[in-house]
Amino acid sequence: MRIIAFPGGEESSPSEETWLAELDAALSDQAGGPAADSWRELRADVRSLAPPVSPEFMQSLERELAHPSVDPVRPARRFPWLRARRSSPGVAGAPRVLGAQRAIGRLRVLARPQLAGVVALVAALAVAVAVVGVGGTGAPGRSASVEPVAAGPSHSAPSVAGSQAAPSKGVTEPNRVDDLGPAAGPYSSSAGAASAAAAAAGRVQQLAASVSLSASPGNVQAVSDGVSQLAVRDEGFVESSHVQVQQHGSSEATLTLRLPSARLSAALAAIGRLAPVSSESQSLQDITNTYDAARRRLADATAEHQALLRALAKATTEGQIDSLRERLSQADGAVGQDQSYLNAVSRRASTAEVEVTVLGSAQASSEGLTFHRGLHDAGRVLTVAAIVLLIAAAVLVPLALVIAALACALRAWRRYSRERALRV
Amino acid sequence: MTRLSPAAEERAFDGLFRECASDVHAYAISLLGDRASAEDVTALAFERLYRARARLDERRGTPRAWLFAIARNAALDELRRRRRRPHYELDDQGSDALDGNAARDAGGPEDALERVERRETLRAALAALPLRERELVLLKFHGQLSNAELARAMGISESNAGTRLHRALTRLRDCCADLDHQEVA
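A. Up close: the overall build of chain B. Across its full length, chain B carries eight helices and zero strands. Reading the secondary structure of chain B in the N-to-C direction produces α-α-α-α-α-α-α-α. Across the 185 residues that make up chain B, the buried fraction comes to 57%. Contacts spanning at least 24 positions in sequence make up 66% of the contacts within chain B whose residues lie at least 6 apart. Accessible surface computed for chain B: about 7800 Å², of which carbon and sulfur atoms make up 48%.

Structural data, given as structure tokens:
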């Protein structure tokens with residue numbers, strides 16, 4: 001008798017859903033009756049077809065479980081003997097492949113999702129920081145304007161009321177840009193004017209800057225004094241100052257400084273440390289033509305003066321002598337005037353005019369000022385952080401999409417390949 | 001196996017091993033027809049399950065279902081590597097074991113003989129099944145997986161898995177009937 005008790009083999013088949021439900025209920029021992037018994041018997045028959053697992057294999061597995069060589073960092077080494085077993089003949093994974101497998105295993109460390117995510121995040125942040133660093137701007141409120149306006153050959157005296165400047169008879173050579181040498185160093189680190197100055201080698205340029213400081217009303221005088229001391233320390237001087245302090249209301253101080261051009265950047269930085277800078281600007285004006293014209297005029301006047309002296313030495317008549325002396329007197333005046341003008345132009349080039357405005361308001365009290373600065377700095381940090389995150393997201397999101405698409409494709413391909421193994 | 005203490009995790013894994021190792025081995029050897037490969041697949045399945053134990057989500061399947069899904073992937077990888085049709089013929093040891101299994105079951109000698117004959121017919125019918133359907137039957141009965149777990153292991157929908165299982169068992173039944181008729185004739 002070889003009739004197999006097979007469910008659904010004799011009566012008409014029920015619907016597929018009912019059939020599958022009966023099968024699951026029978027196999028999970030939740031149903032009784034002949035049909036369920038038949039399913040269970042079929043299961044037992046199928047299971048009995050497989051040869052039993054060898055005792056040696058089970059013992060080796062149990063041994064491995066009883067004394068696991070678990071490496072907490074690499075739990076994959078729990079079954080190191082597995083690699084050796086794979087080298088058995090007739091089993092995929094020949095011994096010569098083991099080296100490559102180990103190499104691939106090392107590379108698989110990079111395929112761990114967490115590590116890959118960290119690497120991608122770090123790379124994105126690095127890119128973001130690089131982008132922010134390249135495209136970043138200076139502090140808010142700071143501006144550097146370059147006005148490469150070539151001064152025309154104007155003969156009007158420059159508006160430098162530097163009465164404190166020592167009147168020099170000799171011609172003082174201004175600091176041409178190509179002559180500044182190491183003294184020009186600080187300029188090269190500031191934006192705008194400095195870079196323009198560096199680019200215009202051989203030119204005579206006039207620098208100017210204006211700075212606005214915020215201070216509490218009671219602190220305006222102290223800040224003004226600090227600015228004056230800084231000017232003196234940097235071998236400059238205060239050209240003019242005006243300080244207005246009110247008991248109630250706003251106080252204000254305005255100082256005009258003359259500082260050596262080579263020390264402008266350092267001086268501005270030092271002024272910025274006295275009080276919060278609310279705004280700052282720098283400007284540059286090319287006065288090469290003015291300087292050259294002044295020098296030519298002085299040379300002409302000097303040559304004329306020398307010629308008159310020679311003519312006077314050769315004069316023989318009283319009339320000639322009187323006439324030459326009168327012209328010499330006029331030439332002396334012209335030489336002095338031209339020399340003064342040239343000195344003024346040189347001074348304009350070798351010194352920078354810095355206008356400092358100290359604004360005192362009740363809101364900018366000492367503590368409030370610190371708090372305000374803290375808020376400002378915090379806001380700036382948050383802004384930069386947001387920009388960095390935004391750029392990182394701009395890098396990471398497409399990257400993640402590409403990786404996800406590749407992972408999906410790889411998974412689908414692996415599934416397809418596995419299922420294809422069954423199409424025999 | 002979700003978020004247990006390490007000791008509890010170890011105990012759960014050991015329990016799963018003792019409960020399922022022979023079933024996984026039986027599934028693998030039935031599919032691959034090669035004892036060494038079956039042992040490799042069995043060990044590999046437990047190794048992979050151990051490595052992935054922290055990522056297992058019991059809401060998406062029992063550890064047993066996960067284990068059989070892993071074993072199925074490993075077995076299919078093995079088939080893919082071999083690129084040849086796996087033989088289902090049991091060796092002498094398997095036939096002896098078949099006879100031994102039948103003899104150990106309850107009942108008298110006649111029952112044992114009938115069981116041996118029935119299982120021989122079943123073995124022949126399984127061997128006649130297409131590999132895809134045979135694999136499904138083996139996974140169902142050795143893995144003792146529900147249809148939902150079968151579907152998850154195979155990466156298909158539950159209804160699709162049910163349809164395939166229904167078709168495979170129907171074909172198995174037809175094969176058994178044909179073989180019976182041949183024997184009777």
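B. Representation of the side chain of A:Ser212 in the model. Within the element layout of this structure, A:Ser212 appears in strand β2 (residues 205-215). Those residues in contact with A:Ser212 that sit more than four places away from it in its chain are A:Pro276, A:Val277, A:Ser278, A:Ser279 and A:Thr357.

C. Here's a closer look at the pairing of β2(A). All names here are of chain A. Within β2, nine of the 11 residues are buried, which leaves the element mostly enclosed by the surrounding structure. Bridge count between β2 and strand β5 (residues 277-286): nine bridges; the pairing is antiparallel. From the neighbouring strand, Ala-209 faces β5, where its bridge partner is Gln-282. Pairing of β2 with strand β6 (residues 351-360) involves eight bridges; the strand directions are parallel. Note on β6: the bridge partner recorded for Ala-215 is Gly-360.

D. Representation of the packing of aromatic side chains. All names here are of chain B. Scanning the entire structure with this criterion turns up six aromatic pairs over all chains. Relative to Phe-46, the ring of Phe-13 lies with its centre 6.1 Å away and its plane at 90 degrees, an arrangement referred to as edge-to-face. On the criterion of sequence distance, the pair formed by Phe-13 in helix α1 (residues 6-32) and Phe-46 in helix α2 (residues 35-51) is long-range, its members being 33 residues apart. Judged by relative accessible area, Phe-13 falls into the buried class, the value being 0%. The interplanar angle of 75 degrees and the centroid separation of 5.2 Å between the aromatic rings of Phe-13 and Tyr-50 together place this pair among those described as edge-to-face. Separated by 37 residues along the polypeptide, Phe-13 in helix α1 and Tyr-50 in helix α2 bring together distant segments of the chain. What makes Tyr-50 buried here is its relative accessible area of 1%. By way of ring pairs, the aromatic residues Phe-13, Phe-17, Phe-46 and Tyr-50 are connected into one cluster.

Rules used throughout
Residues numbered from 1 in each chain as written. Chains lettered and ligands numbered in written order. Predicted model: local features only at pLDDT ≥ 70, side-chain atom pairs only at ≥ 80, totals over all residues. Heavy atoms only, no water. Helix = DSSP H or I, 4+ residues; strand = E, 2+ residues; numbered from the N terminus. Buried < 20%, exposed > 50% of the residue type's maximum accessible area, 1.4 Å probe, protein only. Contact = heavy atoms within 4.5 Å. Areas by Shrake-Rupley, 256 points an atom, 1.4 Å probe, with all protein chains shown as cover. Pairing = 2+ DSSP bridges. Phe/Tyr/Trp six-rings, centres within 6.5 Å; stacked < 30°, edge-to-face > 60°.

The values are spatial; any link to function lies outside them.
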